[in-house]
Amino acid sequence: MSLPDYQSFMTPLLKCLASGKTVKLKDIEASVYQSLSLSAEQLKLRIPSGKQTYAYHRLGWAKTYLVQAGLIEQPKRAFCKITPKGLAVIESGEPINNQYLSKFDAFIDFKTRSKDESESAQVNATSIVSNNSDKTPEELIEAAVDTLNTNLSDEVLKAILAASPVFFENLVVDLMLAMGYGGSRKDAGQATQYTQDGGIDGIIKEDKLGLEMIYLQAKRYTNKTVGRPDIQAFAGALDMHRAKKGVFITTSSFSKDAFDYIDRIDKRIVLIDGAQLTELMLSHNLGVSTKHVFEVKTLDSDYFLED
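Residues numbered from 1 in each chain as written. Predicted model: local features only at pLDDT ≥ 70, side-chain atom pairs only at ≥ 80, totals over all residues. Heavy atoms only, no water.

### Brief notes about the overall build of the chain
Part 1: The number of helices and strands found in the chain is 14 helices and 9 strands.
Part 2: Here the chain holds 307 residues, and 36% of them are scored as buried.
Part 3: Across the chain, the fraction of contacts at a sequence separation of at least 24, relative to all contacts at a separation of at least 6, is 62%.
Part 4: For the chain, the accessible surface area stands at approximately 18,000 Å², while carbon and sulfur atoms represent 50% of it. (Helix = DSSP H or I, 4+ residues; strand = E, 2+ residues; numbered from the N terminus. Buried < 20%, exposed > 50% of the residue type's maximum accessible area, 1.4 Å probe, protein only. Contact = heavy atoms within 4.5 Å. Areas by Shrake-Rupley, 256 points an atom, 1.4 Å probe, with all protein chains shown as cover.)

### Things to note about the sheet that holds strand S4 (residues 202–205)
Part 1: An order of S4-S5-S7-S9 is seen for the 4 strands of this open sheet, with the pairing classed as mixed. Looking at strand neighbours, the two that pair on one side only are S4 and strand S9 (268–272), the edges of this open sheet. Strand-to-strand twist of the sheet, defined as the mean angle between neighbouring strand axes without regard to direction, takes the value 20°.
Part 2: Relative to strand S5 (residues 213–219), S4 is paired through 4 bridges, and the arrangement is antiparallel. When the bridges of S5 are listed, Gly202 appears paired with Leu216. (Pairing = 2+ DSSP bridges. Axes fitted to C-alpha atoms, helices over the stretch in contact; angles between N-to-C directions.)

### Some words on the sheet that holds strand S2 (residues 72–73)
Picture the strands of a sheet paired through backbone hydrogen bonds; they go either parallel or antiparallel.
Part 1: Spatially, S1-S3-S2 is the arrangement adopted by the 3 strands of the open sheet, whose pairing is antiparallel. Each edge of the sheet is formed by a strand with only one pairing partner; in this case those strands are strand S1 (23–24) and S2.
Part 2: As paired strands, S2 and strand S3 (residues 79–82) are joined by 2 bridges and run antiparallel to one another. Among the inter-strand pairings, Glu73 is bridged to a residue of S3, identified as Lys81.

### Topic: the packing of helix H2 (residues 25–35) against helix H4 (residues 54–68)
The geometry of a pair of packed helices is captured by two quantities: the angle between their axes and the separation between those axes.
Part 1: Axis separation between H2 and H4 bottoms out at 11 Å; the angle between their running directions is 110°. In terms of orientation, H2 lies roughly perpendicular with respect to H4. Contact with H2, carried on its side by Leu25, Lys26, Glu29, Val32 and Tyr33, involves Ala55, Tyr56, Leu59, Gly60 and Lys63 of H4 and no other residues of that element.
Part 2: Residue composition of the contact of H2 with H4, grouped by class: 6 nonpolar, 1 polar and 3 charged. (Parallel < 35°, antiparallel > 145°, perpendicular 65-115°, else oblique. Nonpolar A, V, L, I, M, F, W, Y, C, P; charged D, E, K, R; others polar.)

### Structural notes on the environment of Ser301
Part 1: Mapping Ser301 onto the fold places it in the segment after helix H14 (274–283).
Part 2: On the accessibility criterion, Ser301 (28% relative accessible area) is partly exposed.
Part 3: Placed 224 residues apart in sequence, Ser301 and Arg77 show a C-alpha to C-alpha distance of 7.5 Å.

Here you go:
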C-alpha cells in the first residue's frame, strides 16, 4: 500500500506545530500520521535500507523543506518550532508543497545553492528532488541504484550464459564460498569431479570443519524451466552420497511443481534461479567490482557538544 508523498506531510506537520511550542519531531509524528489517515500497514512500510519507516522518513524531509523556507525553526537538534511566517501560512489556508514554498526567498536560495553544487560535478539529491514531487532525495538515490543494479544483473547473466559450462560450475562453488560456507577453494574444486555421479556438479563443506556437506547442481539454461523431474534426479543423486542438503542453481527459472516437490521431501534442497543468482553475486561482490562510491553524510551532533 503506497504512502502520500513527502509534500503531503507539510501541511499536517505545520498545523501540529501551531501551538507555538518547541517540540521533538518524534513527539508529534503520531498526530501527523493521524491527520493523513495512515493505516497500520502503511506505517510499517520501511525504506530499502530498513533503517526507518517510509512515514518517518518522509516526515523528516517535509520538516527539512519547511525549515529551508523559514516556516519552521530548529532551536536545537531534533527539536522544532513554528515561526511567525509559518503561522501566517496556516492562516492562509493554502496547500503547502514545493511550488508554494518557492514563494519564499529563503527556499529559492536553498534551491539555488543546491543547483550550484550540482553543477560543480557533485551529486546533490536535493536538486534532483525539485523535479520529482513523489520521492525524497534518498528515495531517488535508492531508486537510481536499484535501476543500475537491475541493468548490471542483466549483464552478469549474459556473461554467465556466454561462458563455458565448466566456468559456471566453478562459479557456483565460488558463490558458496563467498557466502561464507566452509572449506577451501581447493577442496571445493575437487568436487566438480562428481559430475559423473548422477548430476552432482559441486560439493562444499557447510562449515570449516566439514561436519556436513552440501552438494551442488548447476544448470545453465536460457529459456528452459527446471521442472520436478530435474529436482527428483538431483534428490536421487543426494541419496547416492547419503547427503541431506543440496543447492540447485539455474540461470533460468523453476516450475511450481519443482517447488512443491522440495516442500514434500525430507531433504533440504534450496532452489536458486537466475534472478536470485545475480542478486547474490552482486551482494557478495562476485564477478563485479565497485565503480563509484557516493557518501550521504549527516550531522555529527556529538561533535558540537560543548563542555
